[in-house]
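Here is how the chains run, residue by residue.
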Amino acid sequence: MPDYQDLPENISAQSAAVHGGLLRSSHMENAEAIYMTSGFVYESAEEAEAAFKGEIDRYVYSRYANPTVSMFEERLRMIEGAEACMGVGSGMAAVFAALACQLSAGDRLVASRALFSSCHVIATQILPRYGIETELVDGGDMDAWEAALSKPTKVVFLETPSNPTLEIIDLAAIAKLSKQAGACLVVDNVFATPIFQKPLELGADVVTYSTTKHIDGQGRSLGGAVLGSADFVEEKLLPFLRHTGPALSPFNAWAALKGLETLELRVRAEAESAAKVADFLAEHPAVAQSIYPGRSDCPGHEIAARQMSGFGTLVSVRLNGGKANCFKALNALRLIKISNNLGDAKSLICHPDTSTHAKTPPEEKARLNIGPDLLRLSVGLESADDLIRDLDQALTANG
Ligand SMILES: *Cc1c(COP(=O)(O)O)cnc(C)c1O
């Protein structure tokens, strides 16, 4: 355990976001240092021997641990309220490591159907190649969850709110079923962020993040993190990461670390604008459906209100007139940018059917309700009035 800066007992997550996990060098820098080094040196051969025997706790190689990465891990760990956290090179590295580190040939994985597209590929194509059986369940169908978890299951994996239809899954209920089945519940918490949803408090065992999204939040770097119990990290995750090597770059860890300082302020401001944008869209004649978990007409609203302390920064919308009108609106936007990324200070919009989910089989897209009429908007830090004006003029171009 690195020698992190001493902090007062029981400080809030808000304060931990600024001070947590700081490792100050002998130069007494204020801002956290970027330790851009792959290796570390030893005063003597004996010291190197002791380090490799595990007799002394120190940095030996950045694939194992690095001081800047440690600062990021400790800070996010404090915000999440987890026992342990490991940073990795991307959100997909986090998901794959969280699953693969504990699954073996012959094991069963049960996952929600509405998954981020690469997570869907891991569950349905990559893990089955290693002899792991996968069953997908409609996230809101409790009978289907019960049936799926009545068979021996090693891991349960889900995301809520889901991408891109913002489907909500009852975390406490699935945690209970997972526990009864003896399964480890892994939650991809990217859309909710560590600010608005605490899966571990609701009974989940492991949480994953793509720091590429809200945690960096300014579109600069890829990264990911896995959080869970000290036992899970020590016994399962750490050996897997050390030897398979999806290490987080110290530079990217630093971007995410500094992003954590302003994460809460940013996502609260973005969520406030997202609610206004969703309400505006719901009333617009060009719109067939405005989907935002904070709206009472959103199917998952009640569960979201119970398990989230804010409703997130993403709004999805179905336009009248299908693909043609979606493209017309996208092309008419002036402030909001067309991009498949999300969680950025800049508002970003995409047409999932032809971008993020272009390779998802049509029958699967139909089951997920991802049609040619759907747009996904990630609300950024611009003023809500400007976003609404931009959307209004773009949707009017449909008229
Ligand atoms: C972006 C994202 C990922 C993958 O993260 P990367 O950093 O792009 O690898 C996984 N899950 C969800 C829900 C995401 O939005």
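Coordinates for the structure precede this section.
Calculation rules
- Residues numbered from 1 in each chain as written.
- Predicted model: local features only at pLDDT ≥ 70, side-chain atom pairs only at ≥ 80, totals over all residues.
- Heavy atoms only, no water.
- Buried < 20%, exposed > 50% of the residue type's maximum accessible area, 1.4 Å probe, protein only.
- Helix = DSSP H or I, 4+ residues; strand = E, 2+ residues; numbered from the N terminus.
- Pairing = 2+ DSSP bridges.
- Near = heavy atom within 4 Å.
- Polar contact = N/O pair within 3.5 Å; in protein donor to acceptor, adjacent residues only side chain to side chain.
- Areas by Shrake-Rupley, 256 points an atom, 1.4 Å probe, with all protein chains shown as cover.
- Nonpolar A, V, L, I, M, F, W, Y, C, P; charged D, E, K, R; others polar.
- Salt bridge = Lys/Arg side-chain N within 4 Å of Asp/Glu carboxyl O.
- Axes fitted to C-alpha atoms, helices over the stretch in contact; angles between N-to-C directions.
- Contact = heavy atoms within 4.5 Å.
- Phe/Tyr/Trp six-rings, centres within 6.5 Å; stacked < 30°, edge-to-face > 60°.
- Lys NZ or Arg CZ within 6 Å of the ring centre and 35° of its normal.

## A word on the pairing of strand E5 (residues 184–188)
Of all 5 residues that make up E5, 5 are buried, and the element is covered over most of its length. Residue alternation in E5 divides its side chains into two sets, Cys184, Val186 and Asp188 and Leu185 and Val187, and both sets are buried. Two elements, E5 and strand E6 (residues 206–210), share 3 bridges in a ladder whose sense is parallel. Looking at E6, one finds that Asp188 is bridged to Thr208.

## A look at the site of the ligand
Every residue near the ligand is listed here: Ser90, Gly91, Met92, Phe116, Glu159, Asp188, Val190, Phe191, Ser210, Thr212, Lys213 and Gly223. One of the backbone N or O atoms of Gly91 is found 2.8 Å from an oxygen atom in the ligand. For the ligand, whose accessible area on its own is 390 Å², the fraction buried by protein is 92%. Each residue belonging to the shell around the ligand can be placed in one class, and the counts come to 4 nonpolar, 5 polar and 3 charged.

## Structural notes on the pattern of salt bridges
This model, assessed by the stated rule, comprises 22 salt bridges. Glu32 is paired through a salt bridge with Arg75; the nearest N and O atoms lie 2.6 Å apart. Taken together, the residues Glu32 in the loop between helix H1 (13–19) and helix H2 (45–53) and Arg75 in helix H3 (residues 67–80) connect sequence positions 43 residues apart. Residues Glu32 and Arg75 agree in their burial class; the two are buried. A salt bridge links Arg306 to Asp170, with the nearest nitrogen and oxygen atoms 2.9 Å apart. Within this pair, whereas Arg306 is found in helix H11 (residues 301–307), its partner Asp170 is found in the loop between strand E4 (155–159) and helix H7 (171–181), the two being separated by 136 residues in sequence. Judged by relative accessible area, which is 17%, Asp170 ranks as buried. Via salt bridges that share partners, Glu32, Arg75, Lys258 and Glu261 belong to a single interconnected network.

## Examining the sheet that holds strand E7 (residues 224–228)
Across the sheet, 7 strands lie side by side as E1-E7-E6-E5-E4-E2-E3; this open sheet has mixed pairing. Because the sheet does not close on itself, it has two edges, and the strands there are strand E1 (84–88) and strand E3 (133–137). Sheet twist, expressed as the average angle between the axes of neighbouring strands with direction ignored, equals 20 degrees. As defined by bridge partners, E4 adjoins E5 across 5 bridges and the pair is classed as parallel. Bridge pairing links Leu158 to Val187 in E5. Against the sheet, H3 contacts E1, E6 and E7, and its axis sits at roughly 130 degrees relative to E1. Against the sheet, helix H5 (residues 117–129) makes contact with strand E2 (108–112), E3, E4 and E5, and its axis sits at roughly 150 degrees relative to E3, the strand it touches most.

## Here we look at the sheet that holds strand E8 (residues 287–291)
Spatially, the 5 strands line up as an open sheet ordered E8-E9-E12-E11-E10, and their pairing is mixed. In this open sheet, the two strands that pair with only one neighbour each are E8 and strand E10 (337–338). Taken together, the 5 bridges between strand E9 (residues 314–319) and strand E12 (residues 374–378) define a ladder with antiparallel strand orientation. In the strand pairing of E12, Ser316 is matched with Arg376. Where helix H12 (residues 322–332) meets the sheet, it contacts E9, E10, strand E11 (348–350) and E12, and its direction lies at approximately 130 degrees from that of E9.

## A closer look at the packing of aromatic side chains
By the definition in use, this model includes 3 aromatic pairs. When the ring of Phe251 is compared with that of Trp254, the centres are 6.2 Å apart and the planes differ by 35 degrees; the resulting orientation is tilted. Taken as a pair, Phe251 and Trp254 lie in helix H10 (residues 250–283) at a separation of 3 residues, close to a single helical turn. Geometry around Tyr64 places Arg242 over its ring, the cationic atom sitting 4.6 Å from the centre.

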